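Observations on the three-dimensional arrangement
One letter stands for each residue in the lines below.
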Amino acid sequence: MAELDVTDIEAARPLVDGVAVRTPMHESRWLSALVGTPVWLKCENLQRTGSFKVRGAAVRIARLSPEVRARGVVAASAGNHAQGVALAAQQHGIPATVFMPDGAPLPKERATRGYGAEVVFGGPTLEDCLALAEERAAETGATLIHPFDHEDIVAGQGTLGLEVAEQCPDAATVMVPAGGGGLLGGVALAVRSRMPGVRVVGVQAAGAAAIPPSLAAGHPVRLDRTTTMADGIAVGRPGELTLPLVQKYVDDVVTVSEESLSRSLLALVEREKLVVEPAGAAAVAALMDLAREGTEVAGPVVVVLSGGNIDPLLLGKVIQHGMAAAGRYLRLDVHIRDVPGGLVSLLTEIADAGANVVEVAHERVLPALHVDEVVVHLQLETRGAEHAEAVLARVREHGFVVSG
């Protein structure tokens, strides 16, 4: 097939419109104030199936011939592509089997089954599942619906870029989460075709950043391992099709830490009232990092929230992690005299400082303690890093010895 161009994305749009919805663009006043330029959120977390993946799956499956459809489809996915394939297959009456990594988020597994697909757990990584999916396709004649490395998939994902160009035609920077590169490549092709001067930035989790070394090598490079909470972009190798698109149309690819992902997810919940999965929050994390570093970003900025499928249990953990990363939790080990009223005196100072006690525990048997001394382990909730420093200073000013 000839190299993809914007006409391929435009041709895919009617097929996407039959399954997906046009997601809203929401101005973020909080992020705009943070970076000093207008910031718009492309809310693909509000898409059908909860992510952009349904776009590519809809195009790929719609273009299968009746004879091919009769043999079914097979896919490998951590969850978002799985749901997109399952929904598109259901709408066409096609049997679908999806291989998911062990420990895939329960809501994603249940949603995939809910759309009528068979789910098979295929090992610890997406690459393991993809190998099994390829084997199943070879054995049964089913069509493999690759999660990112196919022209129809990239064209479908690129329709998101057409919407960005229409909803924010004066955008100067577009930031896109990236795993295998299907969304990043498709969106970059679309927006650069409509807005030639726009700057496109891809964002990967630091523990699963296969695109930067691949760009440096000039060909797809496989990571030895991926470690990130952002399962939606935990891809160990970019595609043969997608990497050249990234090389040609993407200006930069940056990485974000797990702490930054947690902070961004927490901020989206608190400030925007939006539930976004860690992968979907990656571009916001990158923008927040740039703001903390004092790096100027040309605006208006469009940030793609690529998905919102997060396990409620993980959401709770990530919010707590984000609060800790933002200085909202303070852990102290305080030495006090082992006398009546000693603990009351400490807790009074903490209360007067405006901190909330989450956990408290005494420990009396430690080699470093004096006979008349105990150490109190405290977990406190504060209003942020500055407040945490003020609480710590107040405790020390009143004569308490803090060792942690």
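These figures come from a predicted structure and were not determined experimentally. (Residues numbered from 1 in each chain as written. Predicted model: local features only at pLDDT ≥ 70, side-chain atom pairs only at ≥ 80, totals over all residues. Heavy atoms only, no water.)

Time to look at the overall build of the chain. Across its full length, the chain holds 16 helices and 14 strands. In terms of principal-axis extent, the alpha carbons of the chain reach across some 85 × 45 × 40 Å. Relative to its 404 residues, the chain shows a buried fraction of 55%. The long-range fraction of contacts in the chain, counting pairs at least 24 apart against all pairs at least 6 apart in sequence, stands at 73%. Surface exposure of the chain reaches about 16,600 Å², of which carbon and sulfur atoms provide 52%. Once the 34 positive and 48 negative side-chain charges of the chain are each reduced to a mean point, those two points are 4 Å apart. (Helix = DSSP H or I, 4+ residues; strand = E, 2+ residues; numbered from the N terminus. Buried < 20%, exposed > 50% of the residue type's maximum accessible area, 1.4 Å probe, protein only. Contact = heavy atoms within 4.5 Å. Areas by Shrake-Rupley, 256 points an atom, 1.4 Å probe, with all protein chains shown as cover. Lys, Arg positive; Asp, Glu negative; His and termini not counted. Charge placed at Lys NZ, Arg CZ, Asp CG, Glu CD.)

Quick look at the layout of surface pockets now. One number sums up the size of the largest pocket: a volume of about 520 Å³. Lining the largest pocket are 23 residues, and of these Pro101, Pro124, Thr228, Asp231 and Ala234 sit closest to its centre. Each residue belonging to the lining of the largest pocket can be placed in one class, and the counts come to 10 nonpolar, six polar and seven charged. Looking at the second largest pocket, its volume works out to about 270 Å³. Along its surface, the second largest pocket is lined by Trp30, Leu34, Arg263, Leu266, Ala267, Glu270, Arg271, Met288, Ala291, Arg292, Ala326 and Arg328. Put simply, the parts of the chain that give the lining of the second largest pocket at least two residues each are α2 (29–35), α12 (258–272) and α13 (282–293). If one sorts the elements of the lining of the second largest pocket by residue count, α12 sits on top with five residues. (1 Å grid on protein atoms, 1.4 Å probe; cavity = no way out; pocket = protein on both sides within 12 Å on 5 of 7 lines; lining within 4 Å. Points joined across faces, edges and corners; volume = space filled by probe spheres on them. Nonpolar A, V, L, I, M, F, W, Y, C, P; charged D, E, K, R; others polar.)

A few words now on the nonpolar core. Counting 36 residues, the largest nonpolar core has Leu41, Val284, Leu287, Val303 and Leu305 as the members making the most contacts within it. It is α13 that contributes the most residues to this core, seven residues altogether. Every residue in contact with valine 284, bar those within four places of it in the chain, is listed here: Trp30, Leu31, Leu41, Ser264, Leu268, Val303 and Leu305. Counting 33 residues, the second largest nonpolar core, distinct from the first, contains Phe52, Val154, Met195 and Val246. (Core = buried A, V, L, I, M, F, W, Y, C linked by side-chain atoms within 4.5 Å.)

Below, the discussion takes up the pairing of strand β5 (residues 118–121). Sheet topology places strand β4 (residues 96–100) next to β5; four bridges connect them, and they run parallel. Within β5, the residue paired with threonine 97 across the bridge is glutamate 118. As for the winding sense of the linkage, the β-α-β connection from β4 through helix α6 (residues 106–114) to β5 is right-handed. (Pairing = 2+ DSSP bridges. Right-handed = clockwise from strand over helix to strand, strands pointing away.)

On to the sheet that holds β4, then. Here we have four strands laid out as an open sheet, ordered β5-β4-β3-β6, and parallel in their pairing. The open sheet terminates on both sides in strands that have one partner only, identified here as β5 and β6 (143–144). In the packing of α6 onto the sheet, contacts are made with β4 and β5, and the angle to β5 comes to roughly 145°. Relative to the sheet, helix α7 (residues 126–140) contacts β3 (73–76), β4, β5 and β6, its axis offset from that of β3 by approximately 165°. (Axes fitted to C-alpha atoms, helices over the stretch in contact; angles between N-to-C directions.)

Another point: unusual backbone geometry. Cis geometry is adopted by the peptide bond preceding proline 300, which originates at glycine 299 and carries an omega value of 5°. Checked against the element boundaries, proline 300 lands in the loop between α13 and β10 (301–305). Located in the positive-phi region is threonine 49, a residue other than glycine, with phi close to 70°. Along the chain, the position of threonine 49 falls in the loop between β2 (39–43) and α3 (53–62). Even without glycine at this site, lysine 273 takes up a positive phi of about 60°. Within the fold, lysine 273 resides in the loop between α12 and α13.

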